[in-house]
Amino acid sequence: MLHQAYRLLPCPSAKHLDTSLKFVLLLLPLLLQGCRNSPVPQAEPVVPELPEVGAVELKIAHNVPENHQSLDVGISVFTNQYNESESDLYGEWILTEIRENERHFLPILLRQTLQDSGQWGAIRVLPLNDPSVDLSIEGKIMQSDGTRLVLQIRAIDSTGKIWLDDIYVDGSREDDYPDSTRLRSANQLQARDLREPFEDIYQQISNDLLALRKTMSEAQLTDIRRISNLVYANDLSPESFDHTLIKDNQGHWQVTSLPAENDPMTQRVGEMRRRHHLFIDTVDEYYQALFDEMQASYLVWRRYSYDQIKELDTPATRTVNRGLFGGNNETLSIIQRYNRFRWSKIYEQEFLELANGFNRELAPAILELNKNVHGLSGTMEEQYIQWRCILRQLFALEIGEV
């Protein structure tokens, strides 16, 4: 029997410190004592130091792809790898919600790039892995701070063959952000301002997927599409279609019995699959609405983050700190923390307004995203699971299994 694995899917404010350096130094013994009494911190997730993708030109189809090349692609909402240092820098009260929302934002950028390439069939962003698509893409956000984007991307086709399992890195420069993102609020930005500073990373992923597809024969690609139909049929009714597929010694699905196209059961599966695609088209539209709502605010947020990180990383700041405190690691570490807080204190009101505006602007889209769809309730992930159950029950009724 076939089994699908699915991922089911608070922010205290920072305390205000006295801005006097003398006062901070007087508190050093207490701070050190507090550190000794604190639980041992968990190891920070490792973000690999890999070369950046550089300038990438998207490979665009000059002709409409052949039918066997037009694989349907499903991009699952990304997961996050949280870094404690980012929470320290920005405050968990800001970071948590933004990190949660960018899980839905970045897959849309990848989807748009794949669509722009013209190399594929239907491409949708979905809450979970979907058994009806030919090629599934998962992503983990390992780092995203306005200066550097690190994504772990895994792509696997319906047969179970892995196309990609790689980490992609891209960095940004100041000229990747228009000046308007610093001088204007999000609602004042024009369409020309909304360019993606990390577009090269998505173009590289698209090019790599295309390169993999080009290594496959027409028969192999046709087999992927055929197996997609049978995987979906198994998801609808394992009792009826479990005999059609078997795994080889590499763990890849192979066809053991192919139903006739004019078989009534096959035709019912085809009808159910069309209904399902209408539903996931609607889901994708909701994610697009969320993207449209958050695009400007998210761009401004990343520009602020870029400015803050670059400010903290300036050689002048590092030189002044080391000159004052003689390079003593323990004292220097505490003073650097104070300097970071002092810098963020200067911009605290701006960051607070930005974060509040960011989340306030997203509220209507998130509410719409989680509203009832086709009479369903709960989050989009919960609605998706409910919909799959409804289709299974409906199929069972139609074929008389209930």
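Right above here is the structure, for reference.
Residues numbered from 1 in each chain as written. Predicted model: local features only at pLDDT ≥ 70, side-chain atom pairs only at ≥ 80, totals over all residues. Heavy atoms only, no water.

Visitor: Please set out the overall build of the protein residue by residue, giving values where relevant.
Guide: Helix and strand content of the protein: 13 helices and eight strands. By element, 51% of the accessible surface of the protein is carried by carbon and sulfur atoms, the whole surface being about 20,700 Å². (Helix = DSSP H or I, 4+ residues; strand = E, 2+ residues; numbered from the N terminus. Areas by Shrake-Rupley, 256 points an atom, 1.4 Å probe, with all protein chains shown as cover.)

Visitor: Quick one: what's the story with the nonpolar core, residue by residue and with numbers?
Guide: Core analysis: the largest hydrophobic core is formed by 61 residues, its most contacted members being Leu 106 and Leu 209. Looking at which element gives the most residues to this core, the answer is helix α9 (residues 264-312), with 14 residues. Ignoring anything within four residues of it in the chain, the contact list for Leu 106 reads Phe 78, Ile 141, Leu 149, Leu 151, Tyr 202, Tyr 298 and Arg 302. Ile 227, Leu 230, Leu 245 and Trp 253 belong to the second largest nonpolar core, which has five residues in total. (Core = buried A, V, L, I, M, F, W, Y, C linked by side-chain atoms within 4.5 Å. Buried < 20%, exposed > 50% of the residue type's maximum accessible area, 1.4 Å probe, protein only. Contact = heavy atoms within 4.5 Å.)

Visitor: Quick rundown of the packing of helix α7 (residues 218-236) against helix α13 (residues 380-398)? Include the residues and the values.
Guide: Relative to each other, α7 and α13 sit at 80°, their axes nearing to 9 Å. Between α7 and α13, the interaxial angle falls into the category roughly perpendicular. Counted together, Tyr 232, Asp 235 and Leu 236 of α7 and Arg 388, Leu 391, Arg 392 and Phe 395 of α13 form the full contact between these two elements. (Axes fitted to C-alpha atoms, helices over the stretch in contact; angles between N-to-C directions. Parallel < 35°, antiparallel > 145°, perpendicular 65-115°, else oblique.)

Visitor: Talk me through the side chain of Arg 103; I want residue IDs and the actual numbers.
Guide: Structurally, Arg 103 can be placed in helix α4 (residues 92-117). Here the side chain of Arg 103 touches Glu 100 through a polar contact of 2.6 Å, side chain to side chain. (Polar contact = N/O pair within 3.5 Å; in protein donor to acceptor, adjacent residues only side chain to side chain.)

Visitor: I'd like a rundown of the pattern of salt bridges, residues and numbers included.
Guide: One pass over the full model with this rule turns up 18 salt bridges. For Arg 173, the salt bridge is made with Asp 175, and the minimal N-O distance between the two is 3.2 Å. Residues Arg 173 and Asp 175 agree in their burial class; the two are exposed. Arg 275 is the salt-bridge partner of Glu 398, the closest N and O atoms lying 3.6 Å from each other. Of this pair, Glu 398 sits in helix α13 while Arg 275 is found in helix α9, placing the two residues 123 residues apart along the sequence. A relative accessible area of 34% means that Glu 398 is categorised as partly exposed. Its relative accessible area of 28% is what places Arg 275 among the partly exposed residues. What emerges from the salt-bridge pattern is a single network uniting Glu 271, Arg 274, Arg 275 and Glu 398. (Salt bridge = Lys/Arg side-chain N within 4 Å of Asp/Glu carboxyl O.)

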